[in-house]
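# Working through the structure, step by step
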Amino acid sequence: QVRLVESGGGLVQAGGSLRLACAASGLTFNSYTMGWIRQAPGKERESVAAINENGGSTLYADSVKGRFTISRDNVKKTVYLQMNSLKPEDTAVYYCARGAILALPTRYYNYWGQGTQVTVSS
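The sections below set out a description of the structure shown in this document. These figures come from a predicted structure and were not determined experimentally. (Residues numbered from 1 in each chain as written. Predicted model: local features only at pLDDT ≥ 70, side-chain atom pairs only at ≥ 80, totals over all residues. Heavy atoms only, no water.)

Okay, the pairing of strand 8 (residues 78–83) next. With five of six residues buried, strand 8 lies mostly within the body of the structure. Pairing of strand 3 (residues 18–25) with strand 8 involves six bridges; the strand directions are antiparallel. By the bridge assignment for strand 8, Arg19 is matched with Gln82. When strand 7 (residues 68–73) meets strand 8, the two strands line up antiparallel, connected through six bridges. Pairing of Ile70 across the sheet is with Leu81, part of strand 8. The turn linking strand 7 back onto strand 8 is made up of four residues, and Lys77 within it adopts a positive phi angle of 55 degrees. (Buried < 20%, exposed > 50% of the residue type's maximum accessible area, 1.4 Å probe, protein only. Helix = DSSP H or I, 4+ residues; strand = E, 2+ residues; numbered from the N terminus. Pairing = 2+ DSSP bridges.)

As a further point, take the sheet that holds strand 7. The strand order 1-3-8-7 describes an open sheet built from four strands, whose pairing is antiparallel. Of all the strands in the sheet, the pair left with one neighbour each is strand 1 (3–7) and strand 7. Each strand of the sheet is rotated relative to its neighbour by a mean of 15 degrees, with strand direction disregarded. Strand direction decides the pairing type here: strand 1 and strand 3, joined by five bridges, are antiparallel. Each residue of the ladder has a partner; that of Ser7, found in strand 3, is Ala21. (Axes fitted to C-alpha atoms, helices over the stretch in contact; angles between N-to-C directions.)

Attention now goes to the pattern of salt bridges. Counting across every chain of the model gives four salt bridges. Note that Lys65 and Asp62 form a salt bridge whose closest N and O atoms lie 3.1 Å from each other. Take Asp62: its relative accessible area is 67%, and that puts it in the exposed class. It is possible to trace a salt-bridge network through shared partners that takes in Arg38, Glu46, Arg67 and Asp90. (Salt bridge = Lys/Arg side-chain N within 4 Å of Asp/Glu carboxyl O.)

Now the structure itself:
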């Protein structure tokens, strides 16, 4: 069965950085787009970044463009999200997910991890 396990969340001050990781198992990792999706309290889920199967193409939400970088290591079956210049509005639970195509809308993602909390203090 597909299993996605996120790590790397925590509490950071505004302007700081965090690197999230998502370890995958139970799937042919290099055959799938992977994405990072976040959900803040009281808000809808927002897809923030996606990467295609070989890592050659990426997409970013406007809200994180220039600050976040998605990458993947297909040997380690892991996808990463490097988050720099963090803002309080980046506070959310961050999920990694397996995508059907390279796209941002959350409806294209059908397997999700349990999430990792990111809290940015002002």
